[in-house]
Amino acid sequence: MGTLPPPAEVVEAARDASESGTRFADSATLDVAVAGAESVDAGDVRCEDDAYVGPGAGTFGRLAIATAAVDDRDARLHYQAPDYTASGPWLVFEPLAHRIATVQVGRGTATVAVDAAGRTAHRRIERAREAIDSVLSDARPRHDHYPVHADEDGVFVRGMTTFELKGVESPDDRIVVTFSVSVTPATNRDAVERALAGGNGDRDVTFEVTRPPVRAAPGTGLRAAAEDAHQTVVGDAAYEWLPEPTVFSAIAGHDKLAIGPGAPGAEEFTAEQYETGLRVATGTIDGRPA
Amino acid sequence: MRTIADPVEGEVVRLEPSDDDGITINGVAATLENVDKADVRVDLARADRRSFVVEHVLGPLGLHGITAVDVTGTVDSWSFDRPEHRFCYSVDLGPHHVVGHPAGLPNPGIHEAIESTKPVAGDPAKRVTVSEPVRFEDDAGHLTLRPADPGDGLQFDVTFGDARKRLAVDPLEGTDTDAIAEIVTSTTPFLAPDDAEAATHAIADLVSDIGVLGGFSDLVVEGELNDHYHSQTIGAARKAREVGAVAELSPGPD
């Protein structure tokens, strides 16, 4: 199996680290959490060809890294969920493909209601289809210069207000389309409502922010340590935003930073990712000023 | 040394004449030593000052043979669709630190601004070549710098994908204005519709990285460019220094 610790051992070690960390909570100078660890277990992954494989593989890989990184160090691992009363500063492991994050995109909900009445059932179905197509078309990302329609890696859209279809209902003679909205620091209520309102004035649009975006301000020591570790190990210290709310935004306060290998939703996590991620993590923890 | 007669505005930047040879961007000298990132873009950094996508500024300056100017970013609003703006917001830098063009062009506004003001020539600059061929190779491409005579300029013969581009540029004296116009309206490979336009854009980046940052004025530059070719260009310029192959030639003509 190479260098990857067996899943069951990772869970046991994480529990031990978290319990011992709780005992010495007052003396630890860094609180560590792993996004998604509250809902992943050893049964969610298997080891195959020196990689974790399965729906929780990425989260499990980052948990393995965090657990190893705090071992014998002045850092407290919170497993499975963080103790939100801890004072921090916080280091949170997220699927960042070895970038560093201090900003997390928020979430909102938008609804678009359109009249779809018709004298016949056929006409009502036609109007419903037209309404849905029109609303979905208006909700697609657009840009004068960038290929946002094919931006699977989120190079551009990660910083844009985007709409993800969550459902379509047809109460009475109306069509109601519901979107989950990515909320950035630049998201503007009027702009959202204008984007979804269409040109005929025949839609009712609502928009509500459910999780605001977060902008952390970690201490310079932690930031410098993370940047140095990334520059040394992966050759680049780049910043990117976290694409959606996680435990990072739930942790109170601004003294927090996110790092981590892997991409969101990845179902494989390799031994190489583990080794590199562990070097970055230990470099970050050890590189903080005394 | 060549500067500009008057302050001018390009797109996203302001240019000020300088009495000292050398280009600065947001207070950081445009030299190899200050290159902090060179792969899909080039960033300059010194202490807490950082500027992003500097090749879009240095390219048109080098194409016009401008060697002495102070550049300041002028963007005052966020465009978070740009990863560089998200980076700046993450580390509490203002958007003016991003000096790259929003459409991925080698700042045609700088080209037009310099055309509108006369360059001012100072003392002749030292011309620089390599004493021997220097080859830089990485995972997906290679670049070779070969010696040239004073006044030959940077003679590029490079490929990008299926496209080949051959052009000579003098980063100390300027280049044919029609050629510059074609280059500064060609978009970055990431956004370009085809390899031909990407290869044309690459000329501006080569001028930026090898001519301005590398400090070379006369070379034959040959190679296959990959999709993160700034690692090749800056890598080749750095390698020339590391192996002691940088050779100064006699000063150019007034």
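Refer to the structure above for everything that follows.
Counting from 1, residues in each chain are numbered in the order their sequence is written. Going through the entries in the order they are written, you letter the chains from A and number the ligands from 1. In keeping with the model being predicted, local features are shown solely for residues with a pLDDT of at least 70 and side-chain atom pairs are shown and tallied solely at 80 or more, while totals for entire chains, interfaces and linings include all residues. Heavy atoms from the whole structure form the basis of all side-chain values; hydrogens and water molecules are not counted.

All right, on to the interface of chain A and chain B then. Working rule for contacts: check all heavy atoms of both residues, and any pair within 4.5 Å makes them a contact. Every contact between the two is made by 23 residues of chain A and, on the other side, 16 residues of chain B. Summed over both sides, the interface between chain A and chain B buries roughly 1800 Å², with carbon and sulfur atoms accounting for 56% of that surface. Defined here as a combined quantity, buried area equals the accessible surface (1.4 Å probe) lost by two parts on assembly, summed across both. Considering only the side of chain A, the residues that lose the most area to chain B are A:Tyr146, A:Arg215 and A:Tyr239, jointly responsible for 30% of the buried surface there. We call two N or O atoms a polar contact when they sit within 3.5 Å, provided that within protein one can donate a hydrogen and the other can accept it, with sequence-adjacent residues counted only if both atoms are side-chain atoms. Seen at the junction of chain A and chain B, the total is 10 residue pairs in polar contact (both at pLDDT 80 or more). Only Asp, Glu, Lys and Arg are considered charged in this grouping, and only Ala, Val, Leu, Ile, Met, Phe, Trp, Tyr, Cys and Pro are considered nonpolar; every other residue, Gly among them, is considered polar. Of the residues that constitute the side of chain A that touches chain B, the class distribution is 12 nonpolar, 6 polar and 5 charged.

It is worth spelling out the side chain of A:Asp236 at this point. A helix here means a DSSP run of H or I that spans at least four residues, while a strand means a run of E at least two residues long, and both kinds are numbered starting from the N terminus. Note that A:Asp236 resides in the loop between helix 5 (220-234) and helix 6 (247-250). Only protein chains enter the accessibility calculation, which uses a 1.4 Å probe; a residue is then buried when its area is under 20% of its type maximum, exposed when over 50%, and partly exposed in between. Its relative accessible area of 18% is what places A:Asp236 among the buried residues. Within the local environment of A:Asp236, its side chain forms a polar contact with the side chain of B:Lys37, the two groups lying 2.7 Å apart. With residues up to four places along the chain from it excluded, the contact list for A:Asp236 reads A:His230, A:Gln231, B:Lys37 and B:Asp39.

The next point concerns the packing of aromatic side chains. The way to describe two aromatic rings as a pair is by their centre distance and the angle between their planes. In this analysis, rings of Phe, Tyr and Trp, with Trp reduced to its six-membered ring, are considered paired at centre separations within 6.5 Å, and the interplanar angle assigns stacked below 30 degrees, edge-to-face beyond 60, and tilted for intermediate values. Counting across every chain of the model gives 12 aromatic pairs over all chains. Ring geometry for A:Tyr52 against A:Phe60: centres 5.4 Å apart, planes inclined by 85°, an arrangement best described as edge-to-face. Each of the two residues, A:Tyr52 as well as A:Phe60, counts as buried. With 4.7 Å between their ring centres and 55° between their planes, A:Trp241 and B:Phe80 make a pair best called tilted. You can see A:Trp241 sitting in the loop between helix 5 and helix 6 and its partner B:Phe80 sitting in the loop between strand 9 (68-73) and helix 2 (83-90), one on each of two chains. Comment: the charge-over-ring label is applied if NZ (Lys) or CZ (Arg) is within 6 Å of the ring centre and within 35 degrees of the ring normal. Cation over ring: A:Arg215 sits above B:Tyr89, and NZ or CZ is 3.7 Å from the ring centre. A cation sits over an aromatic face here: A:Lys256 above A:Phe248, 5.1 Å from the ring centre.

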